[in-house]
Amino acid sequence: MYTQRQEKMPIVEALQELKRQRLVPFDVPGHKRGKGSLELTNFLGEKAISLDANSMKLLDNLSHPVSVIKEAEEIAAEAFGAKHAFFMVNGTTGAVQNMIYATLKEGEKILLPRNVHKSVINALVMCGGIPVYIDTPLHLELEISTGMPLAEVEKAIHAHPDAKAILVNNPTYYGVCSDLRRITELAHAHGIKVLVDEAHGAHLYFGEGLPMNAMDAQADMSAVSMHKSGGSLTQSSFLLCNNDIDPEYVRQIINLTQTTSASYLLMSSLDLARHNLVKNGKKIFEQVIQLSQYARDEINEIGDYYAYSTEVVNRTSIYDFDVTKLCVKTTDLGLTGSEVYDLLRDEYNIQIEFGDTANILAYVSVGDRPHDIERLVGALSEIRRRFKRDKKGLLVFDIAKTEVLISPKAAFFAPHESLAIAQSAGRISAEMVMCYPPGIPIVAPGELITEAVVEHILYAQEKGCFLMGTEDATLQTIKVVKEGN
Amino acid sequence: MDLWFSEYHQDGVKLSINVDREIVSCQSDYQNIALFDSKEFGRILTLDGQLINTEKDEFFYSEMMVHVPMAVQPTIKDVLVIGGCDGGVLRELEKYESIETIDVVELDEQAIQICQEYFPKNQETFSDERITLYFQDGLKFVRGKEDAYDLVIVDTANPFGVNESLFTREFYGNCYKALREEGTLISQHANGFYEEDEEAFRHIRQRLTSVFPINKLYLSSVPSYAAGYLLFGYSAKTADPETDVQIDVWENQGIRTRYYNTDVHRGAFCLPNYIKELL
C-alpha cells in the first residue's frame, strides 16, 4: 500500500547519519568500520564494511526497538497490510520457527501439509508440538506434491478439533497455492490460528495477477522471505502479525533465540527492498511474469519438457498457481530433475535453484536479462539433443506414506542407535532425511521408517540428489529410536 | 585538433588514435554505438567503447574470417553470420558466386542502421539479394535451425559482455545442430598475450572443443586489436583446414584479396610456442 510514509527508510537514513556524524567507534564490531581488517574491507568493499555497526542510540536496538527500527517496522507493516512486522535476521527459518513458538506449546497439535520445509519440523523438535499431517495429493502428471484441498483440511479439523494452529505454504516451492482464504475462514471458525509460510511469496504482496497473499486472506501470521523474490540480502526476512496476535508477546518469543547483535546490513537491506517493492513492485513483477512466460513458451516448444503454468489449476489441490515460478518437468526426456540440474551446471555453467526426482526449478527474477533466459532455453534444448534416453527406470515418487508415532521432540531426544538405511524399515526415525533443496523431509523424527521411505532415500541417492539432515554426513546410516523406550 | 579515442587493451595499456571528429554516438537498446573519423585509421566503429573495426585494417579480419573456410570447402552454399553489423565479412562472402544464401543475425537493429548510413559501401553489401537480415538473439536463432548451413561465422566481440551468450557451450552446441554433416564454424578467440584475453581464449576454446571434433587455431595480424593480432578458431565436423585446403580450386576462382592468399592460409596455422602451450 502506498502512502507518503513509504518514501522513508528509517534504518537506511540512520546509517547515513552515522556516517555524517563521524562518530569515533569505541564499541563493537572490533574491525572499526573496516579499518582494523584491510583484507576484509578489500574483499567486501569499504562502503559495505563501514555500515557494519552495532546497536546504539542512533541506530536503535532490534531486541527492544524504540526509534528507527520501530518506525521501519511500522512502515513495513503498512506496506504488507499487517498489524505488525518484525525485521528478522536469522532467515525465514527464524521467522517460521518463531510463528510456531508463539502459537504452540508442548503437546499441542498443529495441522500442516507433509511437504513443509524442514524448519517447521525443527521447530516442533524444539517446542514439543505434535504434527498432524494433512494429505497433499500427488499430481500424477507433474509428479509433485500439491497444496492442501479444503476438504482434507476440513477432515483434519474435525478429527483434531483441539489443534491450536494450521500451517499453510503460500505458495510451495513449486508455485502451488491452497485455498488460503477459505482455509483461514474454516480454521478461525474452530479457533485455530493460521500460520503461513511465504518463504516463496514476498512478491504476492506487490505484483498483480498473482495468488492471494496471507494478510489479504486474513491469516494470523506469515513468514515472508524478502531475500528470495523480494530483493533483500540473504538471511533477512519479515515476520508479519495480524488479527489478535499480540506483537509484544511475539517479540518476547523472538528474543529467546535471536541474536542481540543484529546486522545492520541485513536490516537496511529489508528497509531498501520494502521501499523498492512499494514503489516499483508492480512493474518489477510484471517483467518477471513476462520473462517466465516467455521461457515457458520456448521450453514447451523444444519438446519433452513440460513447463507448467495456470492450466494445472484445479481449484482443489492446486487452488492457484504462481506464474513467476519456472518449474519444468523433465522425466519425459528419461532424465530426473536432479540429472538435468547437474547437466546444466557441469556442461553449461548454469546454476538453477533445484532439481528433484521429476522437475527442475529455475528462479526467475528482475535481475535476469533476456539473453540469460536464452541461455537456459538453449541449454535445455541441447540437453534434449545430447542426453535424451528411454524413460524406463524412472520411478514416480509421492511423499512416502508413513505415520507419526511419537512427537518429533520425543524422538529426537530419545536414546537411539544407528542403522544402515536399507535395514532401518520398521523403526522410528530419530532424525530427518531430505533432498536439499527443496528441503522437504522424506522422513522426520518420530515417524515410522517404512519400506517406501527406504526406497525413496536409496533412489534419491542413486539419482544424485544432494541428501542431508542425518548425523552421518555420508548418509549410509540413519539414527532410529532404541526399542523398549 | 588534439582529440583522441583511447581503448584499453589492458589496465595499464591503451591504444590511442587521434580523431578528427565524432560522427555519431548513441545508446541503442543494447549498447553504446559510436563512430569516429581519424587520419590514420579512417572511420572507426566502437561498441560500448570497444574498438570493433577501423576502415584501415578491417580487411585483415574480414578476409581471414571468410577465405580460410572457403578455400577448404569451395562447395559451401548456405552461410550464417552471427553479428557482423559492419558488413566486412558479408562483403568478402559475396565475392563467391557459389554461395547461395547468407543469413545475418544481429541483435541490435540500430547498429546495422548506423553502419549502413555511415559506411557508404555497406549499403551495396547489404542489398545483395542473397542476404536475409534477422534482428534477434543469435542463440535463439540457431536453436530453431537444424541441418541448415554449411558455414557459421560468429562475428562478435566481447565474450564477457553483451554477447556473452554467443561464447557458451549451449550456443556452440546449437550451432553444431544447425550445421550440415560437413559444416564448419569460424569464431574469434581473442589473443594469448594479455591475461584477461588469455582467459577469454581458454573459455572459448574449452567450450568449442567439447562440441566439435576438429578444432584448429589460426592467427592473423590485426594492427588495431589488443596485442596486435587475433586468434581464430576453425571448428569443423569433418574438414581439416591444413590438409584439406584446395589451393588450386581457390586460385582458379580469381578472388581478389588484400590480405589473404594461400601462402598466408598455410602459414596462419603455424603457431608460436607460447600459444601452443596454452592448448
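Here is what the cut-offs are and how they apply
Residues numbered from 1 in each chain as written. Chains lettered and ligands numbered in written order. Predicted model: local features only at pLDDT ≥ 70, side-chain atom pairs only at ≥ 80, totals over all residues. Helix = DSSP H or I, 4+ residues; strand = E, 2+ residues; numbered from the N terminus. Rg over C-alpha atoms; globule rule 2.2 N^0.38 Å. Buried ≥ 20, exposed ≤ 12 C-beta atoms within 10 Å, placed from the backbone. Contact = placed C-beta atoms within 7 Å. pLDDT = per-residue confidence, 0-100. Pairing = 2+ DSSP bridges. Axes fitted to C-alpha atoms, helices over the stretch in contact; angles between N-to-C directions. Domains from an automatic or database assignment. Nonpolar A, V, L, I, M, F, W, Y, C, P; charged D, E, K, R; others polar.

Turning next to the overall build of chain B. Looking only at helices and strands, chain B features ten helices and twelve strands. What you see for chain B is a C-alpha radius of gyration of 18 Å, in line with the 19 Å of a compact globule of 279 residues. Projected onto the principal axes, the alpha-carbon positions of chain B cover approximately 55 × 45 × 35 Å. The buried share among the 279 residues of chain B stands at 46%. Considering only intrachain contacts with a sequence separation of at least 6, the fraction spanning at least 24 residues in chain B is 65%.

Residues and elements named next belong to chain A. The step from Val28 to Pro29 runs through a cis peptide bond, and the omega angle for that step is 0°. By secondary structure assignment, the location of Pro29 is in the loop between helix 1 (10–21) and helix 2 (38–44). Backbone torsion omega between Asn170 and Pro171 reads -10°, so that peptide bond is classified as cis. Within the fold, Pro171 resides in the loop between strand 6 (165–169) and strand 7 (176–177).

When the pLDDT values of chain B are averaged, the result is 94; 100% of them are 70 or greater. Two summary scores accompany this predicted model of the complex, namely pTM at 0.88 and ipTM at 0.85.

Okay, the sheet that holds strand 7 (residues 101–105) of chain B next. Residues and elements named next belong to chain B. Strands sit in the order 8-7-6-9-10-12-11 across an open sheet of seven strands; the sheet is mixed. At either margin of the open sheet sits one strand with a lone partner, and together these are strand 8 (131–134) and strand 11 (214–221). Averaged over neighbouring strand pairs, the angle between their axes works out to 15° when direction is ignored. Bridge count for strand 11 against strand 12 (residues 229–236) is eight bridges, and the pairing is antiparallel. Following the sheet pairing, Ser220 is matched in strand 12 by Leu230. Across the face of the sheet, helix 6 (residues 169–178) comes into contact with strand 6 (78–83), strand 9 (149–155) and strand 10 (179–188) while running at roughly 145° to strand 10.

All names here are of chain A. Most of strand 10 (residues 237–241) sits out of view: five of its five residues are buried. The side-chain alternation of strand 10 yields two buried faces, one formed by Ser237, Leu239 and Cys241 and the other by Phe238 and Leu240. Two strands pair when backbone bridges link them, and strand 1 (residues 84–88) and strand 10 are joined in this way by five bridges, in the antiparallel orientation. Considered in strand 10, the bridge of Phe86 is made with Leu239. Here strand 9 (residues 221–224) runs beside strand 10; their pairing, made up of four bridges, is antiparallel. By the bridge assignment for strand 10, Ser222 is matched with Leu240.

The topology assignment puts Asp216 of chain A in the loop between strand 8 (193–198) and strand 9. In the structure, Asp216 of chain A is positioned 124 residues away from Val340 of chain A in sequence and 37 Å away in space, judged by C-alpha atoms.

Turning next to the sheet that holds strand 18 (residues 441–443) of chain A. Residues and elements named next belong to chain A. On the basis of which strands lie adjacent, the open sheet formed by three strands has the order 18-17-19 and antiparallel pairing. In this open sheet, the two edge strands, each paired with only one partner strand, are strand 18 and strand 19 (467–468). As judged from the two bridges shared by strand 17 (residues 433–435) and strand 19, these two strands associate in the antiparallel manner. Of the residues in strand 19, the one forming a bridge with Met434 is Met468. This element, helix 14 (residues 451–462), spans strand 17, strand 18 and strand 19 of the sheet and lies at about 130° to strand 18.

It is worth spelling out the domain arrangement of chain A at this point. Residue and element names in this part refer to chain A. As assigned here, chain A comprises domain 1 (4–278), domain 2 (281–387) and domain 3 (408–481). Here the C-alpha centre of domain 2 lies 27 Å away from the C-alpha centre of domain 1. On the domain 2 side, the residues contacting the 27 residues of domain 1 number 24 residues. Mapped by element, the contributors of at least two residues to the side of domain 1 that touches domain 2 are strand 7 and helix 10 (264–302). Here the side of domain 1 that touches domain 2 is built from residues that sort into 14 nonpolar, ten polar and three charged.

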